[in-house]
Amino acid sequence: MSTRTKELIVLSIVTVFCIIVYWFKATGRMHGFQFSTGMSIVVSALIFLSLVVVLILTLKGRLIGRRLVFLYVAIGVSLPFFMSITQEIKISPEVQTLYDGLAELPTGSKVLVAFDYDPPSAPELQPMAESLLRYCFNNDLKVVVMGLWPQGPQQANMAIEAAMRDESIASKNLQYGVDWVNLGFQSGNEFVIQRMGSEFKSMFPTDYAGRPYDELELVQNVHNFSNIDYVFNLSAGFPGTIEWVQVAVDRYGVKLGAGNTAVQAPQCYPYLRSGQLIGILGGMNGAAEFELLTGFTGKGTKFMLSQSFAHMIVLSFILIGNVAFIIDRRKKKSPIR
Amino acid sequence: MRREIPLFITGVVGIVFVLQYFIPHFPFNKMNAWFSDWFSIVQACAIWLGVLNLLKISFQNIGRRKDDWGYAIVIVVSFLAISIVGFAEGEAFRDSGTSFTWLYDYIYTPLSSSMFAILAFFVASASYRAFRARNFEATLLLLAAFFVMLGRVPIGDVLTSFMPDQLQLSSLATWIMNFPQTAGQRAIMIGIALGIVSTSLRIILGVERSHLGGGD
């Protein structure tokens, strides 16, 4: 059987599996399908026992194929969705300071949220956006949304829709233009931030739907950053948090909190230590911690078990590979050989 | 003139941007606003240039039946489909319930998220086959990765729950991120910043001309 045929068979199996899962989900049959805690522990133990078998095979000089590694990752990510294991989520100092900065804001404060990411980073950043917006709307903070990435305002709309589905928020009957505004995307990267420092309207003469800036009640008196109480940047790269720090914080003295992908977060830690960033949410773990603080359990918290499993599996493979490498090196150095 | 005019524009704009940072008053503040607006306009045009270039290359690949020319058809069809739907729905094309939003939410978002998610599989495979403690530096990197990866997920603390709080893996990961990692990042950032300053000066003063094309 040729490789192309094998790939087509696997692709067909995966497609059929996805359709079945989707059908079960759409008809509500997936709801409530959970392993018991005991069963979850047994399944986890089986996964890790099979990793011991992989270790033994590797020690015997038989490296397993990459497709099997892929299978382990797929199992490690998907099975925890059905497990009933709870993990305690600890709040890190950088998430706590970010939350404290928000909690200090009096009712009616204006929060500018910059959505500088696109769908590939949404699994990490969208939960942060949703819990931030839920917090703002629940605490009567006014939200101004914008994006330096073309897809940013669309991600913002998705997050706002998710927040609006909450009963407590829906009952407030919040109005577009009064309680929140989506200014849309503007090209120009850090130059957009720089121009916003003198006049927001120069960069956003209309909102994302073409309504004139002056007709939006919320931003009628917002001319520059001095009329904004808190800026929150959700970023997946360039332009993003670093540009907001370099222009908005350093030149205009804004209070900035950031939510970053796990890959980008380490680059922002120097700004956190220097006080240029109030706080930072790093990756899905940051999102889960923020959800815990704000009291809205969302995707960040739900996916933490998958994240834990995926990390454990990657680490197991690193360990197995290195144990085999060290033993092999010793054998080669051995005088008997 | 094809080289002199871009060099002149680069020089003037570069010097104005440097001056306005230290002298934010007339005329530099006005010139800064003017050039910033122009930057946005030029970048918006660059997006169109990118789109047209992508289409041109895709059509060429289809016409010449180059390797994987089928993907070029997918690019062209997807581009045309989403553009036609977007333009047909007018200014409110991004509103909830529009066909454009449906395409964005149920086609574009899952597909691009999946592309990114594939990284997890390759990272696992690569770490099994290539991430080895071959020397001291690689061992340090490996140990840091080990503690940060475990400390950044709740399972790390579950595994070290018998230890005092400050010795648990999350505390260790926070310490690594706040001190050794930040120190390393700062060193890299300072190095990059010095490189940017020197390269920018060379470009503004017209010493560096490679970006204009045609050698030297």
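Keep in mind that this is a model prediction, so the values were computed, not measured.

Mind showing me how you'd approach unusual backbone geometry here?
Glycine aside, residues mostly have negative phi, and peptide bonds are mostly found in the trans state. Of note, the amide linkage connecting Phe238 of chain A to Pro239 of chain A takes the cis form, showing an omega dihedral of -10°. Structurally, Pro239 of chain A can be placed in the loop between strand S4 (230-235) and helix H10 (241-252). The peptide bond linking Phe26 of chain B to Pro27 of chain B adopts the cis configuration, its omega dihedral lying at 5°. With respect to the helices and strands, Pro27 of chain B occurs in the loop between helix H1 (4-22) and helix H2 (28-63). Of note, the phi angle at Asp140 of chain A is positive, near 55°, even though the residue is not glycine. Inspection of the secondary structure assignment puts Asp140 of chain A in the loop between helix H5 (122-138) and strand S2 (142-147). Judged by local crowding, Asp140 of chain A falls into the partly exposed class, with 14 C-beta atoms found within 10 Å. Unusually for a residue other than glycine, Asn173 of chain A sits at a positive phi of about 55°. Structurally, Asn173 of chain A is set in the loop between helix H7 (167-170) and strand S3 (180-185).

Sorry if this is basic, but what is going on with the interface of chain A and chain B here?
Interfaces are often sized by the amount of accessible area the parts lose when they come together. At the interface, 51 residues of chain A touch 48 residues of chain B. The element contributing the most residues to the side of chain A that touches chain B is helix H14 (residues 304-333) of chain A, with 15 residues. For the side of chain A that touches chain B, the per-class residue count stands at 27 nonpolar, 17 polar and seven charged.

What counts and how
- Residues numbered from 1 in each chain as written.
- Chains lettered and ligands numbered in written order.
- Predicted model: local features only at pLDDT ≥ 70, side-chain atom pairs only at ≥ 80, totals over all residues.
- Helix = DSSP H or I, 4+ residues; strand = E, 2+ residues; numbered from the N terminus.
- Buried ≥ 20, exposed ≤ 12 C-beta atoms within 10 Å, placed from the backbone.
- Contact = placed C-beta atoms within 7 Å.
- Nonpolar A, V, L, I, M, F, W, Y, C, P; charged D, E, K, R; others polar.

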